[in-house]
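Here's the letter readout for the chains.
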Amino acid sequence: MPTTTAPDGTAVDHRTTGSGPGLLLVHGSTSDSAANFGLLAPHLAAGRTLILPDYAGSGRTPLPPGGELAVEDLAAQMAAVLEARAEGPVDVAGASLGAVVAAALAADHPHLVKRLVLIVGWARNDDPRQAMALGLWRHLADTDPWAYQRYITLLAHSPEHLAGLDGAQLEALAAAALPTEGARRQLDLDLVVDIRDRLPRIGAPTLVVGASRDQVIPVAHARELHAGIAGSRYAELDSGHNVLLEQPEKLAGLIRDFLD
């Protein structure tokens, strides 16, 4: 996979697939582009060049010196990839922390973003329930990896989806959640990120997608994103937070309808 050097000196790993107009996909925290978009990407690839970067702490993209992450730095990493790999503005979609980063990218680097899709994202962190849920997840990353894996598996998926898996499938899903140092630093950012001041500066046509059964980022936060971005559209799917896994075909349909 090629790398692009961001302004902070980070060598950002990324890959491209397909051909046609560009679509940048920004993954969520504690994951990477391959894992996050493995089921969604095939539904979006026809007639598009998918640009799939891993921001700092994910995949083979290292953390910056000191390890601390800031949303403006992750947005700048995405901007560096686009400036190196795309000609003109492209469509951008992000999920979870990736939605926060994608929104910051659209606000801070508007010349690079044609249209914007924000999936199960949020703008603020003064919701006590959300802070408790994310804080416990972060605490378990340091103290109990076994519980960390099972806690986020239960929290990120709807009960109906998990009930449809057999024991081996459920264990495999939990085992994929690894409390790496990159995951810890990304969770630290999850807990403090606030992009409310950026929302009025987003001028790209925007679709916000919420998940009605989201227990990681309650759906009210997606609705607030929609309310804060002038002229944005809103759609909601019957899913847990990991809508990329639970409803990839329906989500891809929403994205395609918006972009096409």
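Our structure's up above, just so we're on the same page.
Residues numbered from 1 in each chain as written. Predicted model: local features only at pLDDT ≥ 70, side-chain atom pairs only at ≥ 80, totals over all residues. Heavy atoms only, no water.

**Describing the overall build of the protein**
The test is simple: Counting from the N terminus, the helices are the DSSP runs of H or I reaching at least four residues and the strands are the DSSP runs of E reaching at least two. Note on exposure labels: buried denotes an accessible area under 20% of the residue type's maximum, exposed denotes more than 50%, and partly exposed covers the range between, all computed with a 1.4 Å probe on protein chains only. Only heavy atoms enter the contact rule, under which two residues are in contact if any of them lie within 4.5 Å. Methods summary: accessible areas were calculated by the Shrake-Rupley approach with a probe of 1.4 Å, and residue burial reflects only the protein chains presented. Lys and Arg are tallied as positive, Asp and Glu as negative. Neither His nor the chain termini are counted. Charge placement uses NZ in Lys and CZ in Arg. For Asp and Glu, CG and CD serve respectively.
Of regular secondary structure, the protein possesses 12 helices and eight strands. Each principal axis of the C-alpha distribution contributes one length, and for the protein these read about 45 × 40 × 35 Å. Split into buried and exposed, the 260 residues of the protein put 57% on the buried side. Across the protein, contacts joining residues at least 24 apart in sequence account for 75% of those joining residues at least 6 apart. With the model as given, the accessible surface of the protein reaches about 10600 Å², and the carbon-plus-sulfur share is 55%. One way to put it: in the protein the 20 positive side-chain charges average out to a point 4 Å from where the 31 negative ones average out.

**So, the sheet that holds strand β6 (residues 113-119)**
Note the threshold: Pairs of strands are assigned from DSSP output, requiring at least two bridges between the strands. Helix axes use the C-alpha atoms of the stretch in contact, all axes being lines fitted to C-alpha atoms, and the angles between their N-to-C directions lie in the range 0 to 180 degrees.
Overall, mixed pairing links the eight strands, which are arranged β1-β2-β4-β3-β5-β6-β7-β8 in an open sheet. What marks the edges here is a single partner per strand, and that holds for β1 (3-5) and β8 (233-237). When strand polarity is set aside, the average angle formed by the axes of neighbouring strands in this sheet is 25°. As defined by bridge partners, β6 adjoins strand β7 (residues 206-211) across four bridges and the pair is classed as parallel. By the bridge assignment, I119 is partnered in β7 with V209. Strand contacts of helix α4 (residues 97-108): β3 (22-26), β5 (90-95) and β6, with the helix running at about 155° to β6, the strand carrying the most contacts.

**Topic: the packing of helix α5 (residues 128-143) against helix α9 (residues 181-192)**
For the record, the criterion: These descriptions rest on fixed angle ranges, namely under 35 degrees for roughly parallel, over 145 for roughly antiparallel, 65 to 115 for roughly perpendicular, and the rest for oblique. Handedness of a crossing follows from how the near helix is turned relative to the far one, being left-handed for an anticlockwise turn of less than a right angle and right-handed for a clockwise one. Ten residues, namely Ala, Val, Leu, Ile, Met, Phe, Trp, Tyr, Cys and Pro, are considered nonpolar, four, namely Asp, Glu, Lys and Arg, are considered charged, and the remaining ones, Gly among them, are considered polar.
Across the interface, α5 lies against α9 with an axial gap of 10 Å and an inter-helix angle of 160°. Classified by the angle between their axes, α5 and α9 sit roughly antiparallel to one another. Crossing geometry of α5 relative to α9 is assigned as left-handed. Facing A131, L134, G135, W137, R138, A141 and D142 of α5, the residues of α9 in contact are R184, R185, L187, D188, D190 and L191. Tallied by class, residues from the contact of α5 with α9 come to six nonpolar, one polar and six charged.

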